[in-house]
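# Coordinates in review
In case you want the letters, here they are:
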Amino acid sequence: HGIPFHHIAVTPSTKADAETATLALLDAHGIELIVLARYMQVLSPAFVARYPRRIINVHHSFLPAFMGAKPYHRAFERGVKLIGATSHYVTEDLDEGPIIEQEVVRVSHRDGLDDLLQKGRDLEKVVLSRAVRWHIDHRVLAYAHKTVIFD
């Protein structure tokens with residue numbers, strides 16, 4: 001479709017250089033909103049500071065429960081009855097930014113880990129698309145550590 005694609009490999013030893021290259025690309029293209037989906041990297045405070053309230057992340061749990069990696073695995077181990085997904089603005093604190101949208105689905109003892117993973121992926125798509133749409137439509141008012149979503 002003629003959309004530019006750039007791959008910048010990130011390893012622990014190249015993380016700083018990768019962020020510098022990414023910021024240069026974002027600046028060169030006048031990017032105003034960054035969407036993180038399956039990025040699985042923690043952005044540096046300097047990176048986040050360049051795009052305040054303009055980086056949206058989708059997290060594969062109903063935050064604040066199960067922050068960080070492998071939340072569906074931990075939810076399965078705990079035998080929860082609801083799993084969820086959350087879209088939020090990225091801040092310096094991992095998975096702690098103001099929440100834009102959340103959704104949940106019921107799970108039971110009949111659901112295996114693969115079932116939770118699939119149900120979660122479905123939820124992630126929904127909450128991420130809503131959050132991006134609402135942000136683009138200027139329907140999100142972020143204040144303190146919260147958001148208001150206007151109808």
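Residues numbered from 1 in each chain as written. Predicted model: local features only at pLDDT ≥ 70, side-chain atom pairs only at ≥ 80, totals over all residues. Heavy atoms only, no water.

A few words on the pattern of salt bridges. Enumeration according to the criterion identifies six salt bridges in this entry. A salt bridge links arginine 38 to glutamate 124, with the shortest nitrogen-to-oxygen separation between them at 3.2 Å. Of the two residues, arginine 38 sits in the loop between β1 (34-36) and α2 (45-50) while glutamate 124 sits in helix α4 (residues 113-136), which places them 86 residues apart along the sequence. Overall, arginine 38 belongs to the partly exposed group, its relative accessible area being 47%. Given a relative accessible area of 8%, glutamate 124 falls into the buried group. Glutamate 101 is the salt-bridge partner of arginine 130, the closest N and O atoms lying 2.6 Å from each other. On the criterion of sequence distance, the pair formed by arginine 130 in helix α4 and glutamate 101 in strand β4 (residues 99-106) is long-range, its members being 29 residues apart. One continuous salt-bridge network, built from bridges that share partners, spans Glu101, Glu103 and Arg130. (Salt bridge = Lys/Arg side-chain N within 4 Å of Asp/Glu carboxyl O. Helix = DSSP H or I, 4+ residues; strand = E, 2+ residues; numbered from the N terminus. Buried < 20%, exposed > 50% of the residue type's maximum accessible area, 1.4 Å probe, protein only.)

Another aspect to go through is the packing of aromatic side chains. Within the structure shown, the criterion is met by one aromatic pair. Residues phenylalanine 47 and tyrosine 51 carry aromatic rings whose centres are separated by 6.2 Å and whose planes lie at 35 degrees to one another, so their mutual orientation is tilted. Each member of the pair, phenylalanine 47 as well as tyrosine 51, carries the same accessibility label: buried. (Phe/Tyr/Trp six-rings, centres within 6.5 Å; stacked < 30°, edge-to-face > 60°.)

Strand order in the open sheet formed by four strands is β1-β2-β3-β4, and the pairing between neighbours is mixed. Edge strands, defined here as strands with exactly one partner in the open sheet, are β1 and β4. Adjacent strand axes in the sheet meet at a mean angle of 10 degrees when their direction is disregarded. The pairing of strand β3 (residues 82-89) with β4 spans seven bridges and is antiparallel. If you follow histidine 88 over to β4, its bridge partner there is isoleucine 99. (Pairing = 2+ DSSP bridges. Axes fitted to C-alpha atoms, helices over the stretch in contact; angles between N-to-C directions.)

So, about unusual backbone geometry. Residue proline 64 is reached from leucine 63 by a cis peptide bond, and omega for that bond is 15 degrees. Tracing the backbone shows proline 64 in the loop between β2 (55-59) and α3 (71-78). Despite not being glycine, arginine 38 shows a phi value in the positive range, around 60 degrees. Phi angles above zero are rare outside glycine, and alanine 144 is one such case at about 50 degrees. You can see alanine 144 is positioned in the loop between β5 (140-143) and β6 (146-149).

On to the side chain of aspartate 111, then. Along the chain, aspartate 111 turns up in the loop between β4 and α4. Engagement of the side chain of aspartate 111 in a polar contact is seen with the backbone nitrogen of serine 108, the distance being 2.9 Å. At 3.1 Å, the side chain of aspartate 111 forms a polar contact with the side chain of lysine 119. (Polar contact = N/O pair within 3.5 Å; in protein donor to acceptor, adjacent residues only side chain to side chain.)

The next thing to look at is the layout of surface pockets. If a probe as big as a water molecule is rolled over the atoms, it shows which places are left empty. Of the voids in this model, the largest pocket is the one considered here, and its volume is about 670 Å³. The wall of the largest pocket is formed by 20 residues, among which His6, Ile8, Thr22, Leu25 and Leu26 lie closest to the centre. Elements that contribute at least two residues to the lining of the largest pocket include exactly α1 (15-28) and β1. In terms of residue count, α1 provides more of the lining of the largest pocket than any other element does, four residues in total. Counted by class, the lining of the largest pocket contains 15 nonpolar, four polar and one charged residues. Its boundaries defined by the atoms lining it, the second largest pocket holds a volume of some 390 Å³. Lining the second largest pocket are 26 residues, with Met40, Gln41, Asn57, Leu94 and Asp95 sitting closest to its centre. Secondary structure elements with two or more residues in the lining of the second largest pocket: β2 and β3. (1 Å grid on protein atoms, 1.4 Å probe; cavity = no way out; pocket = protein on both sides within 12 Å on 5 of 7 lines; lining within 4 Å. Points joined across faces, edges and corners; volume = space filled by probe spheres on them. Nonpolar A, V, L, I, M, F, W, Y, C, P; charged D, E, K, R; others polar.)

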